[in-house]
Amino acid sequence: MGLHKILKYVALGLGVIGMILLARIIFTGNDAIEASADVQSSVVDPYIFIAYVVLAVILVLVLVYVLKGIFAGNIKKTLMAIGAFLAVFLIAYVLSTGVETPMKDGKILSEGGSKLVGTGLRMFYILTIVAIGAMAWTGVKKLTNK
């Protein structure tokens, strides 16, 4: 039996279990679930557990296939891509500044946390510009080659 068939049956089983648990939640009703913690734990918790199982299965499969692809493919290109991503992170981190910021719930976001948020935003901007530039470059290159 191939891996594809096994995964298909696992997905089917998890889907059926999830639908049964969702039907239990719907038939119990919102008011009953909000009124009692016992009802909430007996009806909602299994549904959340299935979500965790699905997440774990997905993470394991992604990790296995990524590692399989890394070792089967060109490791030099993979390491170069990881290095480029780390370079973008370092550039974004150096350009970011951190300031203690009060939040709505009364807590204070630390200077380091603020700097990491800024780093994430700057990485998003840099990678967006690179992606748009790559698409534009490919489009122009296709137009000029014809």
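Residues numbered from 1 in each chain as written. Predicted model: local features only at pLDDT ≥ 70, side-chain atom pairs only at ≥ 80, totals over all residues. Heavy atoms only, no water.

(A) Highlighting the packing of helix α4 (residues 75-95) against helix α5 (residues 111-145). Running from amino to carboxyl end, α4 crosses α5 at an angle of 125 degrees, the nearest separation of the two axes being 8 Å. Taken together, the axes of α4 and α5 lie oblique to each other. Read as a crossing pair, α4 and α5 show a hand that is right-handed. For the pair formed by α4 and α5, the contact residues are Phe-85, Val-88, Phe-89, Ile-91, Ala-92, Tyr-93 and Leu-95 on the first element and Lys-115, Leu-116, Thr-119, Arg-122, Met-123, Ile-126 and Leu-127 on the second. Per-class residue counts for the contact of α4 with α5 are 11 nonpolar, 1 polar and 2 charged. (Axes fitted to C-alpha atoms, helices over the stretch in contact; angles between N-to-C directions. Helix = DSSP H or I, 4+ residues; strand = E, 2+ residues; numbered from the N terminus. Parallel < 35°, antiparallel > 145°, perpendicular 65-115°, else oblique. Left-handed = near helix turned anticlockwise from the far one by under 90°. Contact = heavy atoms within 4.5 Å. Nonpolar A, V, L, I, M, F, W, Y, C, P; charged D, E, K, R; others polar.)

(B) Spotlight on the packing of helix α1 (residues 3-28) against helix α3 (residues 37-72). Packing of α1 against α3 brings their axes to within 9 Å, and their N-to-C directions diverge by 160 degrees. Relative to α3, the element α1 lies roughly antiparallel. Judged by the twist between their axes, the crossing of α1 over α3 is left-handed. In this structure, α1 uses Leu-3, Leu-7, Leu-14, Ile-17, Gly-18, Leu-21, Leu-22, Arg-24, Ile-25 and Thr-28 to contact α3, whose residues at the interface are Val-39, Ser-42, Val-43, Val-44, Pro-46, Tyr-47, Ile-50, Val-53, Val-54, Leu-61 and Tyr-65. Here the residues of the contact of α1 with α3 are counted per class, giving 17 nonpolar, 3 polar and 1 charged.

(C) Examining the confidence of the model for the protein chain more closely. When pLDDT is averaged along the protein chain, the result is 88, and 99% of the positions lie at 70 or above. Within the protein chain, α5 carries the highest mean pLDDT (94), whereas helix α2 (residues 30-35) carries the lowest (80). (pLDDT = per-residue confidence, 0-100.)

(D) Region of interest: the packing of aromatic side chains. One pass over the structure, following the stated rule, counts 2 aromatic pairs. Where Phe-89 meets Tyr-93, the ring centres are 6.0 Å apart and the plane angle is 25 degrees; that geometry is what we call stacked. With Phe-89 and Tyr-93 both in helix α4, this residue pair falls 4 residues apart, about one helical turn. Geometry around Tyr-93 places Lys-115 over its ring, the cationic atom sitting 4.4 Å from the centre. (Phe/Tyr/Trp six-rings, centres within 6.5 Å; stacked < 30°, edge-to-face > 60°. Lys NZ or Arg CZ within 6 Å of the ring centre and 35° of its normal.)

(E) Inspection of the side chain of Ser-114 at higher detail. In this fold, Ser-114 is placed in helix α5. Take Ser-114: its relative accessible area is 14%, and that puts it in the buried class. Polar contacts involving the side chain of Ser-114 include one to the main-chain amide nitrogen of Val-99, which spans 3.3 Å. If we ignore the near neighbours within four places in the chain, the residues touching Ser-114 are Thr-97, Gly-98, Val-99, Thr-101 and Leu-109. (Buried < 20%, exposed > 50% of the residue type's maximum accessible area, 1.4 Å probe, protein only. Polar contact = N/O pair within 3.5 Å; in protein donor to acceptor, adjacent residues only side chain to side chain.)

(F) Structural context of the side chain of Thr-119. By the secondary structure assignment, Thr-119 is in helix α5. Filtering out sequence-adjacent residues up to four positions away, Thr-119 remains in contact with Phe-89, Ala-92, Tyr-93 and Ser-96.

(G) Seen up close, the environment of Pro-46. Considering the arrangement of structural elements, one finds Pro-46 in helix α3. Using a relative accessible area of 25% as the deciding quantity, one classes Pro-46 as partly exposed. Spatially, the C-alpha atom of Pro-46 lies 7.2 Å from that of Leu-21, the residues being 25 residues apart in sequence. The residues touching Pro-46, leaving out its near neighbours within four places in the chain, are Leu-21, Arg-24 and Ser-41.

(H) Structural view of α1. A rise of 1.5 Å per residue sets the reference length of α1, with its 26 residues, at 38 Å; its end C-alpha atoms lie 37 Å apart and thus fit the reference within 8%. Those residues of α1 that sit buried are Leu-14, Gly-18, Leu-21 and Ile-25. Where α1 is buried, its residues meet α2 and α3. Gly-29 lies just past α1 and shows a positive phi near 95 degrees. (Expected span 1.5 Å × (residues − 1).)

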